[in-house]
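This is what each chain is made of:
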Amino acid sequence: MRRTRLARCSLIIALTGISLLGSSQSLATANDPSPRLLVLGIDGMDAGVLRELLDEGKMPNIAHIASQGTFVPLGTSMPPLSPVAWSNMISGAEPDTHQIYDFFHRNPDSVPPLPYNAMSDVIPPATERAIPLGRWQIPLTGGTQTSFRRGPAFWEYLVENGINTTIYRIPANYPPPEVQGSGDFACLCGMGTPDLLGGYGEFTFFSPDAPLPHSRVSGGTLVYWFVQNHRATGTLRGPPNFLLKPSKKSPTKKLEVDFEVIRDPQAPVAKVIIQDQVILLNEGEWSDWVPIDFETGIPASPVVSALQVPTSLRAIVRFHLRQVHPKLEVYVTPLNIDPIEPANPISTPNSFAGRIAELSGRYYTTGIPQDTKALRNTDAFNEDWFLGQCRILLDERIKQYRQALEDFQDGVLFFYFGTVDQLSHIFWRDRDPEHPGRDPEQGDRYANVIEDSYLEMDQLIGEALDALRPNDTVMVMSDHGFSSFRRGFNLNTWLIQNGYMKLRQDIEASDDMLFGNVDWGQTKAYALGLNSFYVNLRGREKRGIVNPGEAYTSLMAELVKKLEAVRDEKGQKVVERVYRVDQVHPNADPNVAPDMMIGYALGYRSSWATALPEGRFPTELFEDNMDRWCGDHGNAHDLVPGILVTNRKITNNQPTLSDIGPTILGLYGISSPSEMTGRPLFGDNK
Amino acid sequence: MNALNSILTPIADILLAPFGRLPSQVALIFWSVVVGIAMAWVFKHTSNQQRLKEVASCIKAQLLAIKLFKDDLGVTFRCQRELMKATGFRLLHSMPPMLIMLIPIALILTHLAVRYEFRPIQPDESSVVELTLSSTHWEANKDLQLQVPPQVEIETPALRDHERHTVSWRIRPTAPSVTPLTWTIADQTVEKTLVVSDRPGLLHRVSPQRPGSNIFDRILYPTESGFTSDSPVQSISIQYPRNSSPIFGLDIPWWATFFIVSMLAAVATRPWLKVQF
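Residues numbered from 1 in each chain as written. Chains lettered and ligands numbered in written order. Predicted model: local features only at pLDDT ≥ 70, side-chain atom pairs only at ≥ 80, totals over all residues. Heavy atoms only, no water.

1. Here's the deal with the interface of chain B and chain A
Then comes step 1: With 17 residues of chain B at the interface, the matching set in chain A holds 20 residues.
Then comes step 2: Considering only the side of chain B, the residues that lose the most area to chain A are L159, R160 and R170 of chain B, jointly responsible for 36% of the buried surface there.
Then comes step 3: A salt bridge links E163 of chain B to R231 of chain A, with the shortest nitrogen-to-oxygen separation between them at 3.4 Å.
Then comes step 4: Our enumeration of links across chain B and chain A arrives at 10 residue pairs in polar contact (both at pLDDT 80 or more).
Then comes step 5: Listing elements by their share of the side of chain B that touches chain A, those giving two or more residues are β1 (127-133), β4 (159-161) and β5 (166-173) of chain B.
Then comes step 6: Considering every element that reaches the side of chain B that touches chain A, the biggest residue donor is β5 of chain B, with four residues. (Contact = heavy atoms within 4.5 Å. Buried area = accessible area lost by both parts, 1.4 Å probe. Salt bridge = Lys/Arg side-chain N within 4 Å of Asp/Glu carboxyl O. Polar contact = N/O pair within 3.5 Å; in protein donor to acceptor, adjacent residues only side chain to side chain. Helix = DSSP H or I, 4+ residues; strand = E, 2+ residues; numbered from the N terminus.)

And the structure:
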């Protein structure tokens, strides 16, 4: 009897213990799930515009987050350009840590100083190390991708400390980083990811009106095609055939894929036939993603493939049937890397890009997919076409965003949206009555495009709020704000007029030459890039003439004074402030960094001839910006702050981008490394 | 060929019917095993087994000799010559059964192809339908209309290609169904079956083409009767997406799975069937 009672008691105690243990575990799960951090990066969301919309009550979800925590302007980088700004965020530090100062840097060892992509480089397989096989060759090394961003990245420390981290398209992060640690890491590359040709993305536009045989414009190629019997054939040009030995006759033979377009004699419909795929499109329609294989044509390709040498390169494109009658016109997107079968890695792990595609379909993989260049550089496209392309892109991203929220179980999720930025670049003039480029015929037709994009972002933020738990942290941030780009300043022309730059021939002879007309033996300074300004320094630049030391510093002091004093015809300030890199970024790499950065006044930016690697010298100092690219942010950085909205209170009322990385680490109790100069914003409020 | 197809198609349907609710790979593996065993049996009864056994013994002997006299180059070379000769004989004696099995295997493959090469269109997925007219009927019928059931939308007007005598449409089904697309030409109604499914992993009979009078097309697309040579319609095709039937996570083509599994099955049943390959 006693035994039975003892056994019964033991059983009850054991069962109670087990049930208590079980209940305490489930309690822990229910009440203390691991806190998550969601960071939404909205490129180009402007603090002023957001404040207006909040005041009008149009952004309920952002208002809700702000009411729980904080909404403040977020100090941006100098220069306030996306590659620089996002690098500040990633590294928790200023440009003299990550060494990215513009979209383009220049090579001081070349004459003239040639520009190159500041974020990354893609090098095809080396032909010097290859096994020759007749007219073919088997490269012994693959192509390489290099990131120029230096310094730490906040995710390295998260993963090292066991925090699962997923990053969607943070800019200035190509090639995909390898990260060591006990946390899971997945990352899809964003701005800086090249197309299959290794560049920012080149569209192709086929038209019977294009110049014969073709014409290069910035960002693409216009190709003439002959339409006979309602059919036309076109060719998509890929990268060089890396398995074919270059010959004297054709040193860079490119891979090609032909396609045919057939239209109905009367109806506005056409058929694209490419590599056994048939796509039927109504006039004005876009195709889905079409995978195409650039075949190298090497014999016995299965054997070569078995040696792990690719014998074809896969790209994906979308066709847009611009017009059927009277002119058959077809636009083809840049050759995007196929996420399912990537020719170059675009994600970590390599399968991550494909997994996203399997769940939500193929998608744009180039870094900046909105084709502003086709809109700006061809007459065939208009704003409605561009908005249509942006819609397709945003719909792709929204699908991925929803999937990412669904998959978000713990750790950190960063998701990037670039639509607000690109729409602001193109449609800012429609909200600026004083912009000289406004089209009277369009009136206010596009006046609400930017506002609508803000409202859509707010709706998407609302979806995130629905998916989050009470103890989760959400941060909505942007890298910079915006301002109207009404006028361009021809900085190199100013240098010529003020005797700092000399040309070999008359200024009119300088068009279409990349500094080819510059007399470097008599040139003290030059401008290249959106905000970058270089001194032709002896010992650093190939043909440098300005001596280091006193001559260098006094020249810079002189230039700062003169540039800040520049006024336009109406007496308005053109340059708000000139930043000397040796003063604001003392650890800058002199072979990479500019000597000075020009912070333009509101309404101004460097002119097109100065900003992009054209090296042209217009005769006038100032020009009205009549380009469709009408909003920008190449100003003094305090004029175009970004935004920070979070459901937590912050301890610093003047946060900057470089505080974000340390803040993310601080949330998980991780101390920032010494290279991170930013400070956690939540203080003890962990 | 139409008559043969009309017999074989229902037989294939009946044989595959038990697998209708299972992943399509199950039927492929099952029938690969069955075909492999059947091939071994046919091989046994249509080949000279006695001679093949002698050849196999000879090969064994030569291999043993090479092993034993590996230091004697003369013997090694002579054995290798004999090995090559024996292999040739083995091939020669394998020819009659292979020729006998060629046609049945080809027919089996074509019936498997319409179930494994393509997958059905999924609801809300677009596809292109193309009808080819004969050149003599082109002018009179090029403005023909496609008639679709309510669950299928036509997304484009007809695209008439005067050079290839084809008329194309883009369609988008909105719900799963196996339904005919119809056209009326010269008082005749012609049809092409459209297969739409939201469960593409199951077994479906998906024929991308209703063929014309070409014999090879009729062999390749056996499930719908071919048009006669004097028919105004020469063929009708639907662009179905390529199928993927991964086995144990490996995305190998269905025909490779078929050959590998059937050969393994044939080799595995060799001791019971007492067959010499």
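From this point, the discussion proceeds with the structure in view.
2. So, the packing of helix α3 (residues 49-68) of chain B against helix α4 (residues 73-116) of chain B
Residues and elements named next belong to chain B.
Then comes step 1: Between α3 and α4, whose axes approach to 9 Å, the crossing angle comes to 160 degrees. Considered as vectors, α3 and α4 are oriented roughly antiparallel to each other. Of the two elements, α3 crosses α4, and the hand of that crossing is left-handed. Mapping the contact onto sequence places R51, L52, V55, A56, C58, I59, Q62, L63, A65 and I66 in α3 and T76, C79, Q80, E82, L83, A86, T87, F89, R90, H93 and S94 in α4. (Axes fitted to C-alpha atoms, helices over the stretch in contact; angles between N-to-C directions. Parallel < 35°, antiparallel > 145°, perpendicular 65-115°, else oblique. Left-handed = near helix turned anticlockwise from the far one by under 90°.)

3. Remarks on unusual backbone geometry
All names here are of chain A.
Then comes step 1: The residue after Y174, namely P175, is reached through a cis peptide bond having omega 0 degrees.
Then comes step 2: Residue placement: P175 occurs in the loop between β9 (165-168) and β10 (185-188).
Then comes step 3: In this structure, the amide linkage connecting H325 to the following residue, P326, adopts the cis form with an omega of -5 degrees.
Then comes step 4: Locating P326 in the fold gives a position in the loop between β20 (319-323) and β21 (329-332).

4. Some words on the pairing of strand β30 (residues 596-600) of chain A
Residue and element names in this part refer to chain A.
Then comes step 1: The buried fraction of β30 amounts to five of the five residues, a majority that puts the element mostly inside the structure.
Then comes step 2: Both strand β28 (residues 532-535) and β30 contribute to a ladder of two bridges, which runs antiparallel. By the bridge assignment for β30, F533 is matched with M596.
Then comes step 3: Bridging between strand β29 (residues 575-580) and β30 involves five bridges; their strand directions are antiparallel. When the sheet's bridge partners are listed, R580 is paired in β30 with M596. (Buried < 20%, exposed > 50% of the residue type's maximum accessible area, 1.4 Å probe, protein only. Pairing = 2+ DSSP bridges.)

5. Thoughts on the domain arrangement of chain B
One frequent convention defines the size of an interface as the accessible area lost when the parts assemble.
Residues and elements named next belong to chain B.
Then comes step 1: Here chain B is described as being made up of domain 1 (2-117 + 250-273) and domain 2 (127-238).
Then comes step 2: Averaged C-alpha coordinates put domain 1 and domain 2 at centres separated by 37 Å.
Then comes step 3: Residue-level contacts link 17 residues of domain 1 with 14 residues of domain 2.
Then comes step 4: Summing the contributions of domain 1 and of domain 2, the shared interface buries around 1300 Å²; its carbon and sulfur component is 54%.
Then comes step 5: Together, N2, T110 and V114 form the three largest contributors to the area buried by domain 1 at its contact with domain 2, with a combined 41%.
Then comes step 6: If you look at where domain 1 meets domain 2, you find one salt bridge.
Then comes step 7: Ionic pairing is found between R205 and D13, a salt bridge with its closest N-O pair at 2.5 Å.
Then comes step 8: Summed over the shared surface of domain 1 and domain 2, the number is five residue pairs in polar contact (both at pLDDT 80 or more). (Domains from an automatic or database assignment.)

6. Thoughts on the sheet that holds strand β24 (residues 411-417) of chain A
Residues and elements named next belong to chain A.
Then comes step 1: Pairing is mixed in the open sheet, where eight strands are placed in the order β2-β34-β25-β1-β24-β9-β10-β23. With one partner strand each, in any of the chains shown, β2 (70-74) and β23 (347-348) form the two edges of the open sheet.
Then comes step 2: Sheet analysis places β9 next to β24, joined by four bridges and oriented parallel. Residue T165 lies in a different strand from β24, and its bridge partner there is V412.

7. Quick word on the packing of helix α2 (residues 24-46) of chain B against helix α7 (residues 254-268) of chain B
Residues and elements named next belong to chain B.
Then comes step 1: Viewed as axis vectors pointing N to C, α2 and α7 meet at an angle of 45 degrees, and their least axial separation amounts to 7 Å. One way to sum up the angle between α2 and α7 is to call them oblique. In this structure, α2 meets α7 at a crossing whose hand is right-handed. Contacts between α2 and α7 pair L28, I29, S32, V33, V35, G36, I37, M39 and A40 from the former with W254, T257, F258, V261, S262, A265 and A266 from the latter.
Then comes step 2: Residues belonging to the contact of α2 with α7 are distributed by class as follows: 12 nonpolar, four polar and no charged. (Nonpolar A, V, L, I, M, F, W, Y, C, P; charged D, E, K, R; others polar.)

8. Comments concerning the sheet that holds β28 of chain A
Residues and elements named next belong to chain A.
Then comes step 1: The strand order β27-β28-β30-β29 describes an open sheet built from four strands, whose pairing is antiparallel. Each edge of the open sheet carries a strand with a single partner, namely β27 (525-527) and β29. Between one strand axis and the next, the sheet turns by 25 degrees as a mean value, whatever way the strands run.
Then comes step 2: On the sheet, helix α14 (residues 550-564) packs against β27, β28, β29 and β30 and is oriented at approximately 165 degrees with respect to β29.

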